Amino acid sequence: DVKVTQSSRYLVKRTGEKVFLECVQDMDHENMFWYRQDPGLGLRLIYFSYDVKMKEKGDIPEGYSVSREKKERFSLILESASTNQTSMYLCASNTYTDTQYFGPGTRLTVL
Amino acid sequence: EDKVVQSPLSLVVHEGDTVTLNCSYEVTNFRSLLWYKQEKKAPTFLFMLTSSGIEKKSGRLSSILDKKELFSILNITATQTGDSAIYLCAVAKTGTASKLTFGTGTRLQVTL
């Protein structure tokens, strides 16, 4: 079974803090994705990566950056957290099919 | 702009009812449509559809795609309380490294 894990289930941070969300997959998948999920807006793609050190912006990259130094790990970075970044963050991965496998999510609250 | 629209937004049914969830899409270069179920945490994969008119089935769940009319339906028969979840529809396009565009989801609640 594919396993995608995320470093925290719940996280509370203060405005202006630098925040790291980590995602690890164990299936040697080439592609990894970061989404945020908000009520009424569904899942929106922030960034994705199709190989180590390769990244592309998704639909809402502003205020975020990513890092992929190893194939199994994809990190989402909030350089200076703001209250409008309070959300559920979901990581996913896949290989040569369209089916993405999701992690359990990190619910981030920025105060 | 690519668009995936799900309806209804939410639905409350009694156990044993049959429900139909809808997903319509407007995307260029369509490749596949996927359905996911999301309970308290990670969305879990249900179906991927690429060909029009071919039903995919898993137990009480089934789904079909109409590429001419640009929509898909997800049917759940004999609903159970364990079917309560958000059901997500997503579309993949050709040449986009497997990126998905998601609808906003349908929240289904099954009551006793």
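Note: the structure precedes this text.
No experiment lies behind these values; they were computed from the predicted model shown.

Colleague: Would you take a moment to explain the state of the cysteines for this structure?
Modeller: A covalent bond between the sulfur atoms of two cysteines is what we call a disulfide. For the structure shown, the criterion picks out two disulfides over all chains. The disulfide that involves A:Cys23 links it to A:Cys91, with 1.8 Å between the sulfurs. The sign of the -75 degrees torsion about the S-S bond sets the A:Cys23-A:Cys91 disulfide as left-handed. With A:Cys23 in strand β3 (residues 19-25) and A:Cys91 in strand β9 (residues 87-94), the pair connects residues that are 68 residues apart, well separated along the chain. Sulfur-sulfur distance for the disulfide between B:Cys23 and B:Cys89 comes to 1.9 Å. Measuring handedness by torsion sign, the sulfur bridge of B:Cys23 and B:Cys89 sits at about -65 degrees and is left-handed. Within this pair, whereas B:Cys23 is found in strand β3 (residues 19-26), its partner B:Cys89 is found in strand β9 (residues 85-93), the two being separated by 66 residues in sequence. The two residues B:Cys23 and B:Cys89 agree in class, both being buried.

Colleague: Just checking my understanding: could you explain the interface of chain A and chain B for this structure?
Modeller: It is common to report an interface's size as the accessible area lost on association of the parts. Listed as interface residues are 21 residues of chain A and, on the opposing side, 20 residues of chain B. Around 1600 Å² of area is buried between chain A and chain B when both sides are counted, 58% of it from carbon and sulfur atoms. Counting across the interface, chain A meets chain B through one salt bridge. Measuring nitrogen to oxygen at the nearest pair gives 2.6 Å for the salt bridge that ties B:Arg31 to A:Asp98.

How each quantity is defined
Residues numbered from 1 in each chain as written. Chains lettered and ligands numbered in written order. Predicted model: local features only at pLDDT ≥ 70, side-chain atom pairs only at ≥ 80, totals over all residues. Heavy atoms only, no water. Disulfide = S-S within 2.5 Å. Helix = DSSP H or I, 4+ residues; strand = E, 2+ residues; numbered from the N terminus. Buried < 20%, exposed > 50% of the residue type's maximum accessible area, 1.4 Å probe, protein only. Contact = heavy atoms within 4.5 Å. Buried area = accessible area lost by both parts, 1.4 Å probe. Salt bridge = Lys/Arg side-chain N within 4 Å of Asp/Glu carboxyl O.

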